[in-house]
Each structure stands twice: as structure tokens, then as C-alpha cells.
Amino acid sequence: MEIVETKRRMPQWAANLLIWCCPALTMGLFAVCISGFLAKRNVILTIVCFLLFGLIVTRLIFLFRSHRTVGGKIWRCVVWVILVLVLCFVYCYGVLLLAIGKHHNTTEENAQSKFEEAVERILPKALSEPLDLGSPNSVVLHEYREYLIIFETKADTLLCQYDAAAYEAAKTALESRYHFRTKPLETGYTENPEKQYIDPYTDIGNDHFRFLRPNDEDQQSWGFYKRSLIVVTNDETHEIGYILFDDIDLDVAEDLSAFLMKDCGWEYIRN
């Protein structure tokens with residue numbers, strides 16, 4: 001009796017499933033890997049577009065494996081290549097649209113808790129005491145974001161407005177609860193070989209800004225232009241505000257007023 005050896009082959013449905021999944025999953029994993037180098041607003045767009053790229057690669061594989069004529073394969077391939085180019089254009093346009101620009105949003109819903117969560121995440125132990133806002137008439141959280149491709153500037157401002165008596169009580173409590181920086185602040189890297197310094201406080205109109213002194217020794221060594229917590233008071237409008245700034249890629253801030261208005265987004269609050 002003649003024995004015929006047969007090789008076990010993968011079922012066709014399994015092979016098709018593998019072809020469908022592998023390119024898309026590979027591109028998706030690649031998108032996840034590079035997402036850490038992208039602005040957060042671009043992550044979802046990147047993953048979706050790369051998954052679509054993977055599906056197009058899969059379709060091309062099935063096209064080349066098909067029994068269509070050479071001419072039929074060529075014109076269909078041209079169509080898919082055009083689709084890839086369109087998708088590349090949409091992706092690049094979307095990345096630029098999302099990765100470049102300034103955005104300012106306000107909310108009163110859970111404003112204090114959202115601000116405190118941001119402080120705990122970015123500058124843990126920055127506050128020697130939890131925020132005690134007293135009895136404000138309104139509490140508004142201003143979220144300012146500036147995007148430049150892979151760089152992101154973030155500033156959250158919790159702004160409280162009081163009546164005259166409540167403002168004086170809250171301001172007095174503020175002075176007793178927190179310590180402010182008194183030594184000049186180093187402005188960061190400049191072309192000048194000598195270090196430059198500026199005062200840790202300034203006035204813009206009736207707004208008076210001061211930097212809180214961090215409790216953590218490591219945080220005290222950071223430049224204020226990278227991460228800092230700022231308190232603003234206004235005796236005319238009876239407002240007290242807390243600004244949380246975060247931009248670890250910023251290397252210099254030589255003008256405190258410009259830093260507050262532009263980098264911290266104060267110009268949007270007072271616009």
C-alpha cells in the first residue's frame with residue numbers, strides 16, 4: 001500500500017484572517033509606540049489613520065493574490081495608491097490643525113476639584129495646605145493650551161470672585177497658609193554667559209502676581225518657566241486666582257509680564 005504524505009495547511013479562513021489583522025495591528029502598534037512623541041490631541045487621529053493604512057495594505061495583498069488580469073490589478077492598485085495619498089494628506093492636515101494653535105476653555109463644573117487634581121498630577125506636594133477658597137461668589141477654571149507639533153504648554157487658572165468682606169478674609173487666610181518666593185528667579189538659558197534674574201512678583205494692571213514657594217526641594221530647583229504655581233490677587237475686582245503652569249520644554253522666560261500674559265494665557269482671561 002502506497003503511503004502518501006500530506007502537509008497540513010492552514011485553513012483558508014485562518015489565512016485570510018491573518019492577512020486582514022497583521023498589517024492593521026502592526027500599523028496600530030507602531031502608532032501607539034510613536035504616540036508618546038506626539039501632542040495628546042494627535043494620538044487618536046494617528047492610531048485611526050495608521051489602522052486605515054494597515055487595512056489598505058491588506059487590501060493590496062488580496063489584490064496581488066487574486067486571479068485578476070494584470071491590467072485589472074494595475075488600475076485597482078492605482079486607485080488604492082491614490083486613496084493612500086488622500087489619507088496621508090488628511091492625516092498631515094489634521095496633525096497640523098490639532099498640533100498648532102492656542103485654545104482657551106472655561107468651566108465652573110467641579111472647578112476646584114479639577115484644579116486640585118491637576119496640581120497633584122503636575123506638582124505634587126506643591127501646596128503645604130489644601131486650597132481653602134473661603135466663600136467666593138463664583139469659581140471658574142480657565143484651561144489654556146498651546147500646541148506646537150510635539151510641544152505643549154499648559155496653564156490652568158482657578159479664578160475666584162468675592163464680595164469685599166469675603167475677599168479680605170480669603171486674602172488674609174492666603175497669607176497665613178502659604179509661603180511665597182522672595183529671592184530673584186533665574187530666567188533660564190540665554191546667550192549671555194551671566195545668569196539673568198527677575199523679581200518673583202509683578203503687577204499687570206490691578207492684578208498682583210506672586211510665585212508660591214514649593215515644599216519639595218527638587219521642585220525648588222526647577223525653573224519657574226517649566227513648572228510653577230502662581231497666586232494672583234486683585235483688590236479692585238476682589239478676585240483671587242491660582243495659576244498652575246506646565247511646560248518642561250520651555251528653557252527661558254526673561255520677561256515675567258510676557259510669561260504670564262502669553263505662556264500662562266492671562267491675556268485670554270483679561271481679554
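Here the structure is shown first, and the text comes after it.
How each quantity is defined
Residues numbered from 1 in each chain as written. Predicted model: local features only at pLDDT ≥ 70, side-chain atom pairs only at ≥ 80, totals over all residues. Heavy atoms only, no water. Pairing = 2+ DSSP bridges. Helix = DSSP H or I, 4+ residues; strand = E, 2+ residues; numbered from the N terminus. Axes fitted to C-alpha atoms, helices over the stretch in contact; angles between N-to-C directions. Polar contact = N/O pair within 3.5 Å; in protein donor to acceptor, adjacent residues only side chain to side chain. 1 Å grid on protein atoms, 1.4 Å probe; cavity = no way out; pocket = protein on both sides within 12 Å on 5 of 7 lines; lining within 4 Å. Points joined across faces, edges and corners; volume = space filled by probe spheres on them. Nonpolar A, V, L, I, M, F, W, Y, C, P; charged D, E, K, R; others polar. Salt bridge = Lys/Arg side-chain N within 4 Å of Asp/Glu carboxyl O. Buried < 20%, exposed > 50% of the residue type's maximum accessible area, 1.4 Å probe, protein only.

Engineer: Quick rundown of the sheet that holds strand 2 (residues 138-148)? Include the residues and the values.
Structural biologist: If you trace the seven strands from one edge of the open sheet to the other, you get 1-2-3-9-8-7-6, paired in antiparallel fashion. Strands with a single pairing partner mark the edges of an open sheet, and in this sheet they are strand 1 (100-107) and strand 6 (201-204). The mean angle between the axes of side-by-side strands here comes to 15°, regardless of whether they run parallel or antiparallel. Pairing of strand 6 with strand 7 (residues 207-211) involves four bridges; the strand directions are antiparallel. Considered in strand 7, the bridge of aspartate 203 is made with histidine 208.

Engineer: Summarise the environment of aspartate 203; cite the residues concerned and give the values.
Structural biologist: Positionally, aspartate 203 belongs in strand 6. Separated by 29 residues in sequence, aspartate 203 and valine 232 have C-alpha atoms that sit 9.2 Å apart. Side chain to side chain, aspartate 203 and histidine 208 meet in a polar contact 2.5 Å long.

Engineer: So what's going on with empty space enclosed by the protein? Residues and values would help.
Structural biologist: On inspection of all chains with the given rule, the structure shows three cavities of 30 Å³ or more. Its volume calculated, the largest cavity comes out at about 80 Å³. Contributing to the lining of the largest cavity are 10 residues, with Leu123, Leu212, Pro214, Ser228 and Leu229 lying nearest its centre. Within the lining of the largest cavity, the residues separate by chemical class into five nonpolar, two polar and three charged. The computed volume of the second largest cavity comes to approximately 60 Å³. For the lining of the second largest cavity, the secondary-structure elements that each account for two or more residues are helix 5 (164-177) and strand 9 (239-246). Tallied by class, the residues present in the lining of the second largest cavity amount to eight nonpolar, no polar and two charged.

Engineer: Describe the pattern of salt bridges, and please don't skip the residues or the numbers.
Structural biologist: Counted according to the given criterion, the structure contains 10 salt bridges. In this structure, the salt-bridge partner of lysine 171 is aspartate 235, at a minimum N-O distance of 2.9 Å. On the criterion of sequence distance, the pair formed by lysine 171 in helix 5 and aspartate 235 in the loop between strand 8 (227-234) and strand 9 is long-range, its members being 64 residues apart. The class of lysine 171 is partly exposed, set by a relative accessible area of 21%. Accessibility expressed as a relative area gives 43% for aspartate 235, which makes it partly exposed. For lysine 195, the salt bridge is made with glutamate 186, and the minimal N-O distance between the two is 4.0 Å. By relative accessible area, which is 33% here, glutamate 186 ends up partly exposed. The network of salt bridges with shared partners includes Lys154, Arg227 and Asp246.

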